[in-house]
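# Structural description and commentary
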Amino acid sequence: MKKETLAAVFLGVILLGCVVNIFCIGNLTDNIIALIQDAESVAENDNWKEASAKLNDAMAIWEKHRVYLSIILPNDTNDSITESFHELHMEIEAQDLGRVSWTARNMISQLEQTSSMEQVSIESIF
């Protein structure tokens, strides 16, 4: 009976860890998406310095969690989003509004897809 109880507790801890991970990824991507949308919005108003600052804030969040994301996300997803940050940064520096909008929307799409892969479902937990 002791082994079964220990196994049930262990499985419960694993399940809880999966659910916490799902919510952490969702919260992280939501925060980054909001900052990218803000950066795009202020760029549309020709405030390129503030757009750059907001993008730098989003990049700082991404970099702060880089080790965690490297463990959780596939390498190609992680690399693609990192490259998109650098591309968006270059477009903001070039003050090319059309490219900023396109790159920001592409990046938001990547982050939303990453978040949706981690949504609570039977497949994401087991």
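As a reminder, the structure under discussion sits directly above these lines.
Parameters and conventions
- Residues numbered from 1 in each chain as written.
- Predicted model: local features only at pLDDT ≥ 70, side-chain atom pairs only at ≥ 80, totals over all residues.
- Heavy atoms only, no water.
- Helix = DSSP H or I, 4+ residues; strand = E, 2+ residues; numbered from the N terminus.
- Expected span 1.5 Å × (residues − 1).
- Buried < 20%, exposed > 50% of the residue type's maximum accessible area, 1.4 Å probe, protein only.
- Contact = heavy atoms within 4.5 Å.
- 1 Å grid on protein atoms, 1.4 Å probe; cavity = no way out; pocket = protein on both sides within 12 Å on 5 of 7 lines; lining within 4 Å.
- Points joined across faces, edges and corners; volume = space filled by probe spheres on them.
- Nonpolar A, V, L, I, M, F, W, Y, C, P; charged D, E, K, R; others polar.
- Axes fitted to C-alpha atoms, helices over the stretch in contact; angles between N-to-C directions.
- Parallel < 35°, antiparallel > 145°, perpendicular 65-115°, else oblique.
- Polar contact = N/O pair within 3.5 Å; in protein donor to acceptor, adjacent residues only side chain to side chain.
- Core = buried A, V, L, I, M, F, W, Y, C linked by side-chain atoms within 4.5 Å.
- Patch = residues over 30% accessible without salt bridge, like charges linked within 9 Å, V, L, I, M, F, W, Y side chains within 5 Å.
- Areas by Shrake-Rupley, 256 points an atom, 1.4 Å probe, with all protein chains shown as cover.
- Salt bridge = Lys/Arg side-chain N within 4 Å of Asp/Glu carboxyl O.

Further remarks concern the environment of Val-20. Looking at the secondary structure, you find Val-20 in helix α1 (residues 2-44). Each C-alpha atom of the pair Val-20 and Phe-85 lies 26 Å from the other, and the pair is 65 residues apart in sequence.

The next subject is helix α5 (residues 97-117). Taking 1.5 Å of rise per residue, 21 residues should cover 30 Å, and α5 covers 30 Å from first to last C-alpha, within 8% of that figure. Of all the positions in α5, only Val-100, Ser-101, Thr-103, Ala-104, Met-107, Ile-108, Gln-110, Leu-111, Thr-114 and Ser-115 are classed as buried. Contacts made by the buried residues of α5 are with α1, α2 (48-64) and α4 (75-94).

A few words now on empty space enclosed by the protein. Taken as a whole and assessed by the stated rule, the structure comprises one cavity of 30 Å³ or more. Approximately 30 Å³ is the volume attributed to the largest cavity. The wall of the largest cavity is formed by Met-59, Trp-62, Glu-63, Thr-82, Phe-85 and His-86. Those elements that place two or more of their residues in the lining of the largest cavity are α2 and α4. Considering only residue class, the lining of the largest cavity consists of three nonpolar, two polar and one charged.

With a phi angle near 60°, Asp-46 is a residue other than glycine that sits in the positive phi range. For Asp-46, the location among the structural elements is in the loop between α1 and α2. Unlike most non-glycine residues, Gln-95 shows phi in positive territory, near 55°.

Another aspect to go through is the packing of α1 against α5. Packing of α1 against α5 brings their axes to within 10 Å, and their N-to-C directions diverge by 170°. Accordingly, the angle class assigned to the pair α1 and α5 is roughly antiparallel. Each of Ile-25, Gly-26, Thr-29, Ile-32, Ile-33, Ile-36, Gln-37, Glu-40, Ala-43 and Glu-44 in α1 lies in contact with α5, whose residues at this interface are Leu-97, Val-100, Ser-101, Ala-104, Arg-105, Met-107, Ile-108, Leu-111, Glu-112, Thr-114 and Ser-115.

What follows concerns the environment of Tyr-68. Tracing the sequence through the fold places Tyr-68 in helix α3 (residues 66-72). Taking the C-alpha atoms as reference, Tyr-68 lies 24 Å from Arg-105; in sequence the two are 37 residues apart. Setting aside residues no more than four positions away along its own chain, Tyr-68 makes contact with Asn-21, Cys-24 and Ile-25. Engagement of the side chain of Tyr-68 in a polar contact is seen with the side chain of Asn-21, the distance being 2.2 Å.

A few words now on the nonpolar core. For soluble globular proteins, the rule of thumb is that nonpolar side chains tend to be buried together. In this structure, Ile-32, Ile-36, Trp-62, Phe-85, Leu-88 and Leu-111 are the most contacted members of the largest nonpolar core, which totals 25 residues. Broken down by secondary-structure element, the contributors of at least two residues to this core are α1, α2, α4 and α5. Ignoring sequence-local partners within four residues, the contact set of Leu-111 consists of Thr-29, Ile-32, Ile-33, Ile-36, Trp-62 and Ile-81.

Further remarks concern a nonpolar patch on the surface. On the surface, Phe-10, Leu-11 and Ile-14 cluster together into a nonpolar patch covering about 320 Å² of accessible area. One can find Leu-11 in helix α1. For Leu-11, a relative accessible area of 55% translates into the label exposed.

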